[in-house]
Amino acid sequence: MDSDNERNDDVDAGESASGFESPLASPTTVAILNRLFQLQRSGFIPAGLSSSNILNILQQRRRDDGYYMWASNRHEKPPPEGWFPQPKEPQAAGVDLLFSGAFGRIGYKSGERGDIPNRSIAQTIQRRLEGRHHRPRLTREDMANHLVPNSNGTAVASYCANIYTAQYSAVVLTQFQDFRLYIYDTYKAADQAGRAEAMHDPHMNTTMSVKRGIQGRPGRWTITDANLSPDNQRLIYSSITPTVYMTSVVDENPVQYPITFSGHHGLYSCTFSADGNEIIAGGNGNISVYDLLGSRETVNIHAHDSDVNSCCWADTASGNVLVSASDDSFLKVWDRRSLGASPKPSGVLIGHTEGITYVSAKGDGRYVISNGKDQSVRLWDLRKLRSPADHSKIANKSYGIPGFDYRYPPYGKPRHEKTPMDCSVMTYRGHSVLRTLIRCKFSPAETTGSQYIYSGSANGKIHIWSLDGTLVQILDRTQTLPLGHDPSAPEDPTPLGKRNVCVRDVSWHSQEPVMMSAAWASNSRGGSILARHEWKGLQKMGGSLEDWVLKQAEEAAEEGSPRRSRRLSELQRRREVTSQMVGAYPPDEYFDEDY
């Protein structure tokens, strides 16, 4: 992680090392001079060397053959569709995942795609006589797997400092750059006490009930991460220091207990285990595990030569498999059962061309996703790892944009779409991973089967993809309604003014089709806004069922659909309409199938 308070800015491509513009200098010459200036500042080139010695050092320090050419193009703005356009058709690898059984029930997915076989009346009667005709028992996933949040949101809290995380469960946890943390009760309206606490806090304005406000211990720059325990009784938070603090969220005047991790100068990630008895933390190249019951550090691994921006548990059952994600562009998988005196990873996930901002696990020990500064989300199967020997072949090579700094947009023209030996299963694009360490996550398993992936974006959008690679929803935080509006009210079709917003974190409720998004407000006042995004049916989205039917009929006519009988055409139309309408249910004929 490149902490903003410790950055060393590069000289602009339009300036020479002496600091003045040279109208005669070519982009390549300027890039070479910039590189020389960087190496001089870094101490790689001592003063008093001859020109030939400086040239030799430049050639030795050059990371790859294309450095100077690509350094001159690193500020080139991408086209509107991005350097690598998002596919509009489902990708085979993603479809295989959807139908693998690892991402929820398969039956509804089959019905959506029109794969239900046509049976005659005789066949249907025969199935009924044999007792095979029944309506399957509906689960929560059956009823909610299409209820994807589809509103641009309503502000529910605003702050004077930048927000870094938002965790949404029975309560909402937020943490900020000014070392303050807030916990809200989302099921309870803002009563007089909650409003009074918010009114007496000059840093915050909210329409939610404030359950707890916590002033964190001073650290460096910001609170980098915070996490609620599975029972919502405790929280932990980290900063760019070696210490994680743990405190109660239910006790009055709780004590904040320091937990020091050895080998770390700063921590960028901290997370409870599924049972709440351990903490995994990552920072300056290391990942560590702390046993809260034994009050001791049980794992301490030098995992990467670059910062570990994120780490997680791969499974919720055993907690034996750990995943670390680093600025070196690699994810490494560690099995605690096989760690010896000289720990080596079980395997490496190779594919990103730039550093990784976040890693999130599905929780089954098989699948994880990562957000990369190469402007992509990648999905990985932990059974398809590259070996440490494979990793060593490209570990010292760079496939990214030389000199690229994600904190300063734009993302220039990349040299490579992926690294050699890419082992990712799927890639999702369209969002912008710039300015800060933007996060990505799986949708809830209980209500959606984790069949969606979502991420914030530096351009103010929230992207929600299906596993098959298609884009399901784009929520626009620049059109979020201000404080005071009802989040459950019909959408206001009136467009709001242009605003610059950066969505750093998004959290999808585990039981409801509702999201909370944490975004920075890029205006003269700064600060940040927390917004609530709900799923809203047609009656709240400014459309009607007739509009959808007419739209589908027009599209079918344009495509020259073959003529069918009236009954089959009607059934096909209903399938097409419901497959496009988020939250709609399949036709009645769907329930004739066995699952």
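In the block above lies the structure referred to throughout.
Residues numbered from 1 in each chain as written. Predicted model: local features only at pLDDT ≥ 70, side-chain atom pairs only at ≥ 80, totals over all residues. Heavy atoms only, no water.

**Some details on the overall build of the protein chain**
Inference 1: Scanning the protein chain from N- to C-terminus turns up 12 helices and 29 strands.
Inference 2: In the protein chain, buried positions account for 50% of the 595 residues.
Inference 3: Taking the intrachain contacts of the protein chain between residues at least 6 apart in sequence as the baseline, contacts between residues at least 24 apart amount to 59%.
Inference 4: By element, 49% of the accessible surface of the protein chain is carried by carbon and sulfur atoms, the whole surface being about 27,500 Å². (Helix = DSSP H or I, 4+ residues; strand = E, 2+ residues; numbered from the N terminus. Buried < 20%, exposed > 50% of the residue type's maximum accessible area, 1.4 Å probe, protein only. Contact = heavy atoms within 4.5 Å. Areas by Shrake-Rupley, 256 points an atom, 1.4 Å probe, with all protein chains shown as cover.)

**So, the pairing of strand β20 (residues 367-372)**
Inference 1: Most of β20 sits out of view: 6 of its 6 residues are buried.
Inference 2: Pairing analysis gives 5 bridges linking strand β19 (residues 356-361) to β20, with the strands arranged antiparallel. Note that in β20 the partner of Tyr358 across the bridge is Asn371.
Inference 3: From the end of β20 to the start of strand β21 (residues 376-381), which pair antiparallel, there are 3 residues, and Gln375 there has a positive phi angle of about 65°. (Pairing = 2+ DSSP bridges.)

**Re the nonpolar core**
Inference 1: Ranked by size, the top nonpolar core spans 30 residues in total, and within it Tyr159, Ile163, Tyr184, Met208, Met516 and Leu530 carry the most contacts.
Inference 2: For this core, the secondary-structure elements that each account for two or more residues are β1 (154-159), β2 (163-168), β3 (171-176), β4 (180-189), β6 (208-215) and β28 (514-521).
Inference 3: Not counting residues within four places of it along the chain, the set of residues in contact with Met516 comprises Val156, Tyr168, Val172, Thr186, Met208, Asp505, Val506, Ser507, Leu530, Ala531 and Arg532.
Inference 4: Membership of the second largest hydrophobic core comes to 16 residues, among which are Leu98, Ile369, Met426 and Phe442. (Core = buried A, V, L, I, M, F, W, Y, C linked by side-chain atoms within 4.5 Å.)

**Topic: the sheet that holds strand β11 (residues 267-272)**
Inference 1: Strand order in the open sheet formed by 4 strands is β11-β12-β13-β14, with antiparallel pairing between adjacent strands. Either end of the sheet is taken by a strand with one partner, and the two such strands are β11 and β14 (296-302). Across the sheet, the mean angle from the axis of one strand to that of its neighbour is 15°, orientation sign disregarded.
Inference 2: The pairing of strand β12 (residues 278-283) with strand β13 (residues 286-291) spans 5 bridges and is antiparallel. Its bridge partner lying in β13, Ala281 is registered against Ser288. (Axes fitted to C-alpha atoms, helices over the stretch in contact; angles between N-to-C directions.)

**Some remarks on the sheet that holds strand β29 (residues 528-534)**
Inference 1: Read from one edge to the other, the open sheet built from 5 strands follows the order β5-β1-β29-β28-β27, with strand pairing classed as antiparallel. What marks the edges here is a single partner per strand, and that holds for β5 (204-206) and β27 (501-508). Neighbour to neighbour, the strand axes of the sheet diverge by 20° on average, direction disregarded.
Inference 2: When β28 meets β29, the two strands line up antiparallel, connected through 7 bridges. In the sheet register, Trp520 faces β29, and the bridge partner there is Ser528.

**Observations regarding the environment of Glu76**
Inference 1: Counting through the fold element by element, Glu76 comes out in the loop between α3 (67-71) and α4 (92-98).
Inference 2: Owing to a relative accessible area of 35%, Glu76 belongs among the partly exposed residues under this scheme.
Inference 3: A C-alpha to C-alpha distance of 9.7 Å links Glu76 and Pro409, two positions 333 residues apart in sequence.
Inference 4: Ignoring anything within four residues of it in the chain, the contact list for Glu76 reads Trp83, Pro410, Tyr411, Gly412 and Lys413.

**Brief notes about the pairing of strand β8 (residues 234-239)**
Inference 1: Counted residue by residue, β8 has 5 buried out of 6 residues, so it is predominantly covered.
Inference 2: In this antiparallel pair of consecutive strands, strand β7 (residues 223-228) and β8, the connection spans 5 residues, and Asn232 shows a positive phi of 60°.
Inference 3: Bridge count for β8 against strand β9 (residues 243-248) is 5 bridges, and the pairing is antiparallel. Bridge pairing links Ser238 to Val244 in β9.
Inference 4: Counted along the chain from β8 to the antiparallel partner β9, the turn is 3 residues long.

**Topic: the packing of aromatic side chains**
Inference 1: Counting across every chain of the model gives 13 aromatic pairs.
Inference 2: An angle of 35° between the planes, with centres 5.9 Å apart, marks the rings of Tyr159 and Tyr182 as tilted. Of this pair, Tyr159 sits in strand β1 while Tyr182 sits in strand β4; the two residues are 23 residues apart in sequence, bridging distant segments of the chain.
Inference 3: Three or more aromatic residues link up through ring pairs in this structure, and these residues are Tyr159, Phe176, Tyr182 and Tyr184.
Inference 4: Just above the ring of Phe103 sits the side chain of Lys362; from NZ or CZ to the centre is 5.0 Å. (Phe/Tyr/Trp six-rings, centres within 6.5 Å; stacked < 30°, edge-to-face > 60°. Lys NZ or Arg CZ within 6 Å of the ring centre and 35° of its normal.)

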